[in-house]
Amino acid sequence: MSIQTLSTGRRAKDLTVRCLVYLAFAVAVIPLVSVIYLVIKNGMARFDFDFLYRSMKNIGPRDAGGGAYHAILGTLQQVGLASLMSVPIGILTAIYLVEYGGKGRLANAIRFFVDVMTGIPSVVAGLFILAFWVLFLDLNYSGFAGALALSVLMMPTVVRSAEEMLKLVPDDLREASYALGVPKWRTIVKVVLPTALTGIVTGVMLAVARVTGETAPLLLTVFFTDSINANPFTNAQMGLPLFVFDQAGRPNDTAIDRAWAGALTLILIVMLLNLVARLIAYWRSPARGR
Amino acid sequence: MAKQIQVSGLDAYYGAHKAIADISMTIEPRSVTAFIGPSGCGKSTFLRTLNRMHEVIPGARVEGKVMLDSDDLYGPGVDPVSVRRTIGMVFQRPNPFPTMSIYENVAAGLRLNGRISKSKTDEVVEQSLRGANLWNEVKDRLNKPGAGLSGGQQQRLCIARCIAVKPQVLLMDEPCSALDPISTLAIEDLITELKDEFTIVIVTHNMQQAARVSDRTAFFNLAAQGQPGRLVEMDETSAMFTNPSEKATEDYITGRFG
Ligand SMILES: Nc1ncnc2c1ncn2[C@@H]1O[C@H](COP(=O)(O)OP(=O)(O)O)[C@@H](O)[C@H]1O
Ligand SMILES: [Mg+2]
């Protein structure tokens, strides 16, 4: 056998596949870039002081001006409350599944239900809270009811991603810790969780980003308002997705501009949260060597 | 400080599988005891029964008696966590905590077990790193991650982490098998120094290593494939390597099998 030059056939194949891969990449990126471009281009028109600090109270259907302060406040409170409920419960569930449940029957049942929950359409989560909170318990529409619906959507994502991350922590480290005479719970808190932290934070951020843009469950649970309601526990609130939905459905240009600005704000909030989470993970990461 | 271990009639199981059977021996304080024997004969399993690490594996259990001086390690009501604080363990693969710096790794056992002052921690960290012959190499970078050290340094870091909690006994499971010859030598020297203070048990596949570092040697073997591992004989290392009383020991030591 002698060493041969690269044959034309293989060169052609290489070129074709290479082109296909680049093409697929371009196709995937086009919608992303165009969405961001459009939202920025159309959103800048009304992305101003008024928009960020005023509500829609006393703004007539044809008036210009007005803002989304009430919606931004509502979204931050609803997503914040939803995270406060679902992140601890989700992470604790994942800890149970990985560190205590193992392959037991209870753990497998939990895994099954979490998987089923992952597939719940967001409207159904909203309907569930509507039926349970508003109709059955006879409580009011409120930001908190919305947060409950969002946490139903967040929890399975948090559990699943945290479980995967905890499973990646090598048993060597747990054993090393036990062998130092560290009890199991301290091993989990001080060794296992810090090792998996970066991944868990990423998973939580994905869950947050997912629910921040949810409209349907909010429609059924926080209802709707044009004025500022800073108390998420009583009466209707607003949310940014609802705001965008509402404004985009109106016929005049001033409302459409507000809808775009609302969409831009929503994207910025998610990006900002992502950035903060990444910074936290970075500060805590060992590779920096503090 | 160092204490004697006395094992009698010990069996260990993984689920239904009996890995070792009927092991009895005495491990003397302030000496190095080496465990040798072919792969799979249960050396690691036996070592892990000595500080109750065996039961960490789901389904694993132990029958028999292990006495540390006058304390029964498997007695009713004994807290396995306190047993592990008294009998430390170094693993085959160096396993420093990846999220912690060198300093934090050594301090881990102290800190994870409760509050301790900064100055006291500083003192113990320096003492332990000196004890593990690592201080001079790392004293300028105590805040760098422990995972950034070389394999041999990581293993000495693990030894430092282990002796920082001041155990009575040190168990080492093939501590040099993942290391280069220079690092191996460093660890062997360290073992010789540490035996003044601790009772040391070391599992090794390397006959020269057993001969170099140990005072007493125990030879384990399987009676047959699928059978549990047994202790064949145990004696002064010099006696074991010059005239073992069992044929199997002689065959193993001279390299005729295993
Ligand atoms: N985690 C485990 N689960 C089930 N069986 C195991 C486990 N670890 C070891 N064993 C079995 O126990 C026996 C002894 O293994 P081990 O103690 O690792 O031997 P050695 O350290 O002498 O090579 C082997 O038959 C092995 O297959
Ligand atoms: Mg082994």
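You'll find chain B entered in an unreviewed UniProt entry as Phosphate import ATP-binding protein PstB, with Sinosporangium siamense given as the organism.

The name given to chain A in an unreviewed UniProt entry is Phosphate transport system permease protein PstA, and the organism recorded there is Sinosporangium siamense. Taken verbatim from the UniProt record of chain A, the Subcellular location (unreviewed entry) comment is "Cell membrane".

Quick look at the overall build of chain A
A count of helices and strands for chain A gives eleven helices and zero strands. What you see in chain A, going N to C, is helices and strands ordered as α-α-α-α-α-α-α-α-α-α-α. Taken along its principal axes, the extent of the C-alpha atoms in chain A is 80 × 60 × 40 Å. Here chain A, with 290 residues, has 43% of them falling under the buried criterion. A separation threshold of at least 6 residues defines the contact pool for chain A, and within that pool the share at least 24 residues apart is 71%. Where the 25 positive side-chain charges of chain A centre and where its 17 negative ones centre are 8 Å apart.

Re the interface of chain A and chain B
Every contact between the two is made by 19 residues of chain A and, on the other side, 29 residues of chain B. Summed over both partners, the interface of chain A with chain B comes to about 2,100 Å²; 63% of that surface belongs to carbon and sulfur atoms. Our count for the contact surface shared by chain A and chain B stands at two salt bridges. A salt bridge links R48 of chain B to E175 of chain A; the nearest nitrogen and oxygen atoms lie 2.9 Å apart. Across the chain A-chain B interface, the total number found is four residue pairs in polar contact (both at pLDDT 80 or more). No other element matches the seven residues that helix α7 (residues 171-179) of chain A contributes to the side of chain A that touches chain B. Taken together, the residues of the side of chain A that touches chain B sort by class into ten nonpolar, four polar and five charged.

Some remarks on the pattern of salt bridges
All names here are of chain B. Scanning the model with the defined rule gives 22 salt bridges over all chains in all. Salt-bridge contacts for R156 lead to E137; the nearest nitrogen and oxygen are separated by 2.9 Å. One end of the pair, R156, is in helix α6 (residues 151-164); the other, E137, is in helix α5 (residues 135-138), with 19 residues separating them in the sequence. E137 sits in the partly exposed class, given a relative accessible area of 35%.

Re the packing of aromatic side chains
Here the structure, examined in full by the defined rule, presents twelve aromatic pairs over all chains. Seen in terms of ring centroids, F128 of chain A and F132 of chain A are 6.0 Å apart; in terms of plane orientation they differ by 15 degrees. Their pairing is stacked. In this pair, F128 of chain A and F132 of chain A both sit in helix α5 (residues 122-136), four residues apart, roughly one turn of the helix. By relative accessible area, F128 of chain A is classed as partly exposed at 46%. For F132 of chain A, a relative accessible area of 36% gives the class partly exposed. An angle of 35 degrees between the planes, with centres 5.1 Å apart, marks the rings of F219 of chain B and Y252 of chain B as tilted. Taken together, the positions of F219 of chain B in strand β9 (residues 216-222) and Y252 of chain B in helix α10 (residues 247-253) put the pair 33 residues apart, joining distant regions of the chain. Among the residues examined, F219 of chain B registers a relative accessible area of 0% and is labelled buried. Of note, K184 of chain A hangs over the ring of Y100 of chain A, and the distance from its end group to the ring centre comes to 4.5 Å.

Examining the domain arrangement of chain A
Residues and elements named next belong to chain A. Along its sequence, chain A is carved into domain 1 (3-43) and domain 2 (50-56 + 67-289). For domain 1 versus domain 2, the separation of C-alpha centres amounts to 34 Å. Domain 1 puts five residues into the contact, and the matching count from domain 2 is five residues. Summing both partners gives a buried area of about 520 Å² for domain 1 against domain 2, and 82% of it is carried by carbon and sulfur. Looking only at domain 1, the three residues that lose the most surface to domain 2 are V39, N42 and G43, adding up to 77% of its buried area. For the pair domain 1 and domain 2, the number of links is zero salt bridges. Counting the contacts that link domain 1 with domain 2 gives zero residue pairs in polar contact (both at pLDDT 80 or more).

Some thoughts on the packing of helix α3 (residues 69-101) of chain A against helix α10 (residues 240-248) of chain A
When two helices pack together, their arrangement is given by the angle between the helix axes and by the axis-to-axis distance. Residue and element names in this part refer to chain A. Look at α3 against α10: their axes get within 7 Å of each other, and the N-to-C directions meet at 145 degrees. Taking contact as the criterion, the partners of H70, A71, I72 and T75 in α3 are, on α10, L240, P241 and F243. In terms of residue class, the contact of α3 with α10 is built from five nonpolar, two polar and no charged.

Observations regarding α10 of chain A
Residues and elements named next belong to chain A. Counting buried positions along α10 yields seven of nine residues, so the element is predominantly enclosed. When α10 is considered as a whole, its buried residues turn out to be L240, P241, L242, F243, V244, D246 and Q247. Tucked into the core, α10 has its buried residues touching α2 (49-53), α3, α8 (184-212), α9 (216-221) and α11 (253-284).

Some remarks on the UniProt feature "domain: ABC transporter" (unreviewed entry) in chain B
Residues given the UniProt feature "domain: ABC transporter" (unreviewed entry) here are residues 5-247 of chain B. A distance of 27 Å separates the end C-alpha atoms of residues 5-247 of chain B, which is 35% helix and 27% strand.

Points about the side chain of S142 of chain A
With respect to the secondary-structure elements, S142 of chain A resides in the loop between α5 and α6 (143-168). Overall, the relative accessible area of 2% leaves S142 of chain A in the buried class.

Details of the UniProt feature "domain: ABC transmembrane type-1" (unreviewed entry) in chain A
Under the feature "domain: ABC transmembrane type-1" (unreviewed entry), the UniProt entry names residues 72-277 of chain A. Helix makes up 79% of residues 72-277 of chain A and strand 0%, whereas the separation of the span's terminal C-alpha atoms amounts to 20 Å.

Regarding the side chain of Q209 of chain B
Residues and elements named next belong to chain B. Along the chain, Q209 turns up in helix α8 (residues 207-213). Among the polar contacts listed, one links the side chain of Q209 to the side chain of T204, at a separation of 2.7 Å. If we ignore the near neighbours within four places in the chain, the residues touching Q209 are C176, T184, E188, I202, T204 and S214.

Considering the site of ligand 1
Residues and elements named next belong to chain B. Looking at ligand 1, the residues that line it are Y14, H17, A19, S39, G40, C41, G42, K43, S44, T45 and I57. Y14 has a polar side-chain atom sitting 3.3 Å from a nitrogen atom of ligand 1. C41 places a polar main-chain atom, nitrogen or oxygen, 3.4 Å from an oxygen atom of ligand 1. Protein chains shield 61% of the accessible area of ligand 1, which is 560 Å² for the free molecule.

Here is what the cut-offs are and how they apply
- Residues numbered from 1 in each chain as written.
- Chains lettered and ligands numbered in written order.
- Predicted model: local features only at pLDDT ≥ 70, side-chain atom pairs only at ≥ 80, totals over all residues.
- Heavy atoms only, no water.
- UniProt positions renumbered as here; feature names shortened; annotations may be inferred.
- Helix = DSSP H or I, 4+ residues; strand = E, 2+ residues; numbered from the N terminus.
- Buried < 20%, exposed > 50% of the residue type's maximum accessible area, 1.4 Å probe, protein only.
- Contact = heavy atoms within 4.5 Å.
- Lys, Arg positive; Asp, Glu negative; His and termini not counted.
- Charge placed at Lys NZ, Arg CZ, Asp CG, Glu CD.
- Buried area = accessible area lost by both parts, 1.4 Å probe.
- Salt bridge = Lys/Arg side-chain N within 4 Å of Asp/Glu carboxyl O.
- Polar contact = N/O pair within 3.5 Å; in protein donor to acceptor, adjacent residues only side chain to side chain.
- Nonpolar A, V, L, I, M, F, W, Y, C, P; charged D, E, K, R; others polar.
- Phe/Tyr/Trp six-rings, centres within 6.5 Å; stacked < 30°, edge-to-face > 60°.
- Lys NZ or Arg CZ within 6 Å of the ring centre and 35° of its normal.
- Domains from an automatic or database assignment.
- Axes fitted to C-alpha atoms, helices over the stretch in contact; angles between N-to-C directions.
- Near = heavy atom within 4 Å.
- Areas by Shrake-Rupley, 256 points an atom, 1.4 Å probe, with all protein chains shown as cover.

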